[in-house]
Amino acid sequence: MKVRIVALAITTLLVSAGHAQEVQETFNGTRILNGHSTETLKAKVLQFRIEHRFGDMAGANGGIDNFFGFDNAADIRFAFEYGITDKLMVGFGRCKGTGAPYAGLLDGFVKYRLLTQTSDNRMPINLAVLGTSSLTYAKKVDDLSLIQSYPEFAHRMAYSAQINISRKFGERVSVALMPTYVHRNLVNTDDVNGLFALGAAFNVKITKEFGIIGEYYPTFQDATLRTDLSNSLSGGVEWTTHGHNFKIVLTNSRGFGETQFIPYTYSKWIDTDANGKKVAGQFRLGFSITRNFKL
Amino acid sequence: MSTQTTMKQLYIFLIAVLLLSTSAIYWGENTTVPAAKKALDVEAMTVEDALLMLGDDTMIHYMSNVDPKLVAVGEELIFNGWTTRDGKKTDRISHYFVCTDCHSVSREFEDISSQSPEDRLNYAKEQRMAFLPGSTFWGIYNRTSFYNKDYIKKYGDLVLNARDSLENAIQVCAKYCSSGRHLEDWELEAIMHYYKSLELKVKDLSLSENDLKNLRKYGQLKPEERKELIQKMKDSYVQGYDATFLETMPREERRYGEGGDVANGEFIYEASCLNCHANGRLTYLILGKNKLDARMFWRNRKNYKDKSLYQIVRHGTFSKPGRRQYMPLYTKEKMSDEQLNDLMAYIKKLAEK
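Residues numbered from 1 in each chain as written. Chains lettered and ligands numbered in written order. Predicted model: local features only at pLDDT ≥ 70, side-chain atom pairs only at ≥ 80, totals over all residues. Heavy atoms only, no water.

Engineer: Explain the overall build of chain A residue by residue, including any values.
Structural biologist: Within chain A, the secondary structure is distributed over two helices and 15 strands. For chain A, whose C-alpha radius of gyration is 21 Å, the value lies close to the compact-globule estimate of 19 Å for 295 residues. Structurally, chain A occupies a C-alpha span of about 70 × 40 × 35 Å along its principal axes. Burial analysis of chain A (295 residues in total) assigns 49% to the buried set. Restricting the contact set of chain A to residue pairs at least 6 apart, pairs at least 24 apart contribute 57%. In chain A, 32 positive and 26 negative side-chain charges are present, and the distance between their average locations comes to 9 Å. (Helix = DSSP H or I, 4+ residues; strand = E, 2+ residues; numbered from the N terminus. Rg over C-alpha atoms; globule rule 2.2 N^0.38 Å. Buried < 20%, exposed > 50% of the residue type's maximum accessible area, 1.4 Å probe, protein only. Contact = heavy atoms within 4.5 Å. Lys, Arg positive; Asp, Glu negative; His and termini not counted. Charge placed at Lys NZ, Arg CZ, Asp CG, Glu CD.)

Engineer: Hey, could you go over the overall build of chain B for me, with residue numbers and the actual values?
Structural biologist: Looking only at helices and strands, chain B has 13 helices and two strands in total. Each principal axis of the C-alpha atoms in chain B carries an extent, and together these give about 70 × 50 × 40 Å. Classification of the 353 residues of chain B by burial places 52% in the buried group. Intrachain contacts of chain B at a sequence separation of at least 6 include 70% that bridge at least 24 residues.

Engineer: Just give me the short version of the pairing of strand β11 (residues 232-241) of chain A, but keep the residues and values in it.
Structural biologist: Residues and elements named next belong to chain A. The sheet contact formed by strand β9 (residues 210-217) and β11 spans eight bridges and is antiparallel. Its bridge partner being in β11, Ile 213 is matched across the sheet by Gly 236. Strand direction decides the pairing type here: β11 and strand β12 (residues 244-251), joined by eight bridges, are antiparallel. Following the sheet pairing, Thr 240 is matched in β12 by Asn 245. (Pairing = 2+ DSSP bridges.)

Engineer: Give me the lowdown on a nonpolar patch on the surface, citing residues and values where you can.
Structural biologist: A surface patch of nonpolar side chains, amounting to about 820 Å² of accessible area, comprises Phe 169, Val 173, Val 175, Phe 202, Ile 206, Phe 210, Ile 212, Val 237, Trp 239 and Ile 248 of chain A. As for its position among the elements, Ile 248 of chain A is in strand β12. (Patch = residues over 30% accessible without salt bridge, like charges linked within 9 Å, V, L, I, M, F, W, Y side chains within 5 Å. Areas by Shrake-Rupley, 256 points an atom, 1.4 Å probe, with all protein chains shown as cover. Salt bridge = Lys/Arg side-chain N within 4 Å of Asp/Glu carboxyl O.)

Engineer: Describe the pairing of strand β2 (residues 73-83) of chain A, with residues and values.
Structural biologist: All names here are of chain A. Bridging between strand β1 (residues 45-54) and β2 involves nine bridges; their strand directions are antiparallel. Bridged to Gln 47 within β2 is Glu 81. Pairing geometry for β2 and strand β3 (residues 88-95), over seven bridges, is antiparallel. Within the sheet, the bridge partner assigned to Glu 81 lies in β3 and is Gly 91.

Engineer: Outline a negative patch on the surface, listing residues and values.
Structural biologist: Residues and elements named next belong to chain B. On the surface, Glu 110, Asp 111, Glu 118, Asp 119 and Glu 126 cluster together into a patch of negative charge. Position of Asp 119 among the secondary structure elements: in helix α4 (residues 117-127). Residue classification places Asp 119 among the partly exposed positions, given a relative accessible area of 36%.

Engineer: Hey, could you go over helix α7 (residues 185-197) of chain B for me, with residue numbers and the actual values?
Structural biologist: All names here are of chain B. The end-to-end C-alpha separation of α7 is 18 Å, in line with the 18 Å expected for 13 residues at 1.5 Å each. Most of α7 sits out of view: 10 of its 13 residues are buried. Among all positions of α7, only Trp 186, Glu 187, Leu 188, Ala 190, Ile 191, Met 192, His 193, Tyr 194, Tyr 195 and Lys 196 are buried. On its buried face, α7 is in contact with α2 (47-53), α3 (68-80), β1 (84-85) and α6 (166-177). (Expected span 1.5 Å × (residues − 1).)

Engineer: Give me the environment of Ala 73 of chain A: which residues, what numbers.
Structural biologist: Residue and element names in this part refer to chain A. Topologically, Ala 73 is positioned in strand β2. On the basis of relative accessible area, Ala 73 is assigned to the partly exposed category, the value being 30%. C-alpha separation for the pair Ala 73 and Asn 164, spaced 91 residues apart in sequence, amounts to 29 Å. Ignoring sequence-local partners within four residues, the contact set of Ala 73 consists of His 52, Arg 53, Phe 54, Gly 55 and Lys 96.

Engineer: Outline the side chain of Ser 272 of chain B, listing residues and values.
Structural biologist: All names here are of chain B. Summarising the element assignment, Ser 272 is placed in helix α10 (residues 262-277). One polar contact links the side chain of Ser 272 to the main-chain carbonyl oxygen of Phe 131, over a distance of 2.6 Å. Beyond its immediate chain neighbours, meaning those up to four positions away, Ser 272 contacts Phe 131, Phe 267, Tyr 330 and Met 335. (Polar contact = N/O pair within 3.5 Å; in protein donor to acceptor, adjacent residues only side chain to side chain.)

Engineer: Would you mind going over the packing of α4 of chain B against α10 of chain B in detail, with residue names and values included?
Structural biologist: Residues and elements named next belong to chain B. Interaxial distance between α4 and α10 falls to 11 Å at its minimum, and their mutual angle equals 75°. Considering their axes alone, α4 and α10 lie roughly perpendicular with respect to each other. Seen from α4, the contacting residues are Leu 121, Ala 124 and Lys 125; seen from α10, they are Ala 263, Asn 264, Phe 267 and Ile 268. Classifying every residue of the contact of α4 with α10 gives five nonpolar, one polar and one charged. (Axes fitted to C-alpha atoms, helices over the stretch in contact; angles between N-to-C directions. Parallel < 35°, antiparallel > 145°, perpendicular 65-115°, else oblique. Nonpolar A, V, L, I, M, F, W, Y, C, P; charged D, E, K, R; others polar.)

Engineer: Describe α4 of chain B, with residues and values.
Structural biologist: Residues and elements named next belong to chain B. Those residues of α4 that fall on the buried side of the exposure criterion are Pro 117, Arg 120, Leu 121, Tyr 123 and Ala 124. Here the buried residues of α4 occupy an arc of 165° about the axis, which is enough to place them on one side. The N-cap of α4, judged by a side-chain oxygen 3.2 Å from the amide nitrogen of Glu 118 a few residues on, is Ser 116. (Arc of directions from axis to C-beta.)

Engineer: Kindly report on the packing of α3 of chain B against α7 of chain B, identifying the contributing residues and their values.
Structural biologist: All names here are of chain B. The N-to-C vectors of α3 and α7 enclose an angle of 100°; their axes lie 7 Å apart at closest approach. Relative to α7, the element α3 is oriented roughly perpendicular. The segment α3 lies against α7, with Leu 70, Val 71, Val 73, Gly 74, Glu 75, Leu 77, Ile 78 and Phe 79 engaging Trp 186, Glu 187, Glu 189, Ala 190, Ile 191, His 193, Tyr 194, Tyr 195 and Ser 197. Residue classes in the contact of α3 with α7 are distributed as 11 nonpolar, three polar and three charged.

Engineer: Break down the nonpolar core for me, citing the residues and quoting the values.
Structural biologist: Residue and element names in this part refer to chain B. Ile 78, Tyr 147, Ile 170, Tyr 194 and Tyr 195 are the most contacted members of the largest nonpolar core, which totals 40 residues. Listing elements by their share of this core, those giving two or more residues are α3, α5 (151-155), α6 and α7. For this core, the element with the most residues is α7, which contributes seven residues. With residues near it in sequence (within four places) discarded, Tyr 194 still touches Val 71, Gly 74, Glu 75, Ile 78, Phe 79 and Val 105. (Core = buried A, V, L, I, M, F, W, Y, C linked by side-chain atoms within 4.5 Å.)

Written as structure tokens, this is what we have:
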């Protein structure tokens, strides 16, 4: 009987307004650019991700000498991510790591979508909660003044927790706010273990398949601390096809994962050279390619 | 006398005894029932029983009874692709589709002898049903021919043994059409019982009062009258649905919605396209009733690519390693060129072009 009711719902009521309730494709894919979106993979979908950040396009380390960064790799990530239910997903990946400070990273995350925006505005927003962690397995160094000395195993680990809120306005424009807390078990003396950031992002769809994205993750920090560090600012374009989502990004951050790009973005879009002159250049191209498999 | 003839007579005899004994029980309980109501209720009979009663041959997949427990199992397999057996969830038939993604389980035509896509669409609109690429399972038990006409172009020799065998047709569908696996014997048996539960009744046929009257007094009919009645009954429903594959409409023949029925088109978009694409239920391409999606189709209207409705409706996509789920094609019988033009008319309106 239960089956029959479900069947009736599918075969006869699909033509009603039922399917139009939830707002779809607020963001295309589970990531905005560096950070997560409120989207999750559907149940039983396995996604393989290849993500790459090249070297500096310009500035002292860029230019024609390394073909505008293409000869260098700031970070590379391979990952498998999986939708346990339509709302709950997990991911496990491996990053090269930027080396500043982490290298050879294993990462994992759990994301759960609590709220979904509806077209009648009864639910005006999407909301997902995200927990990530990373573990570096790089060989430790002898210099105890460096984070990479990892005196204890726990020092190799870092975590983040995020509340990801988004809303789609009309058919083309989506915005998101991502309050995030990042905790690192071992930091430099001029840093803080617990760091707050408030990410913000937008996505404007030009066509069904093509969109423009911006993302910014400012951190809240003591001005006397973390003075060398910058905030992750990224812009990009995306192209979506059936089963694939290509993103090409320009960003000043080098590493993947909230435990890298939020606390450890050193590069700046506009920097000052040795002569005190402002120069642009510490940003890089990156891409991510995803492929979905239905299990 | 041949064995077959003897068997026919035996069936007729057994059915007659069964009917008489049932009537006897009825009379025994209430002897005051007026004589007029004791007449054979032929309309409640199954078409198969009525045909056998008239002396027709048995079908290859003839089943003498329906087991309600197996029907329930078969129903679960059809709708969910799995069931519970010995306390455990069974392996899914397909990881990508269930049968009802492409086939309905209810009547699809007012006049079930019709194969007209217009009649089918009108009935679907009246009943608010999905407008699917596959033929309905309702009455499939009474059909004798499957994977007809052009399906050989898609499945080749695979359909040769499936054309006259319902069991083989189910296996081809489970393994190839649903990108799944062959069914185990118990699964096939359960699905057959489920199909048997959806078999046609005489009342579903558009028989005249005179034909029904003749059926009631079948014992008095001459052999040729019986043959004629058998033929009339068989002409009242489709023995095997045609499947005509069409090529992508040439660009110069496309009307891009001009003169099309927007209301029909909107229904087709909802009841066909969104049946699978809404919320990305079966596919990664999420579609909705919005301008961006409509503009994607409108922009590609002149192309010979998957994003052109003229192409994708007629060819669908193909199952391939890494992406086994695919879009089935719509045959001429399941969506006419006129209906495709209606769909384009709606797309044009939605795209505000």
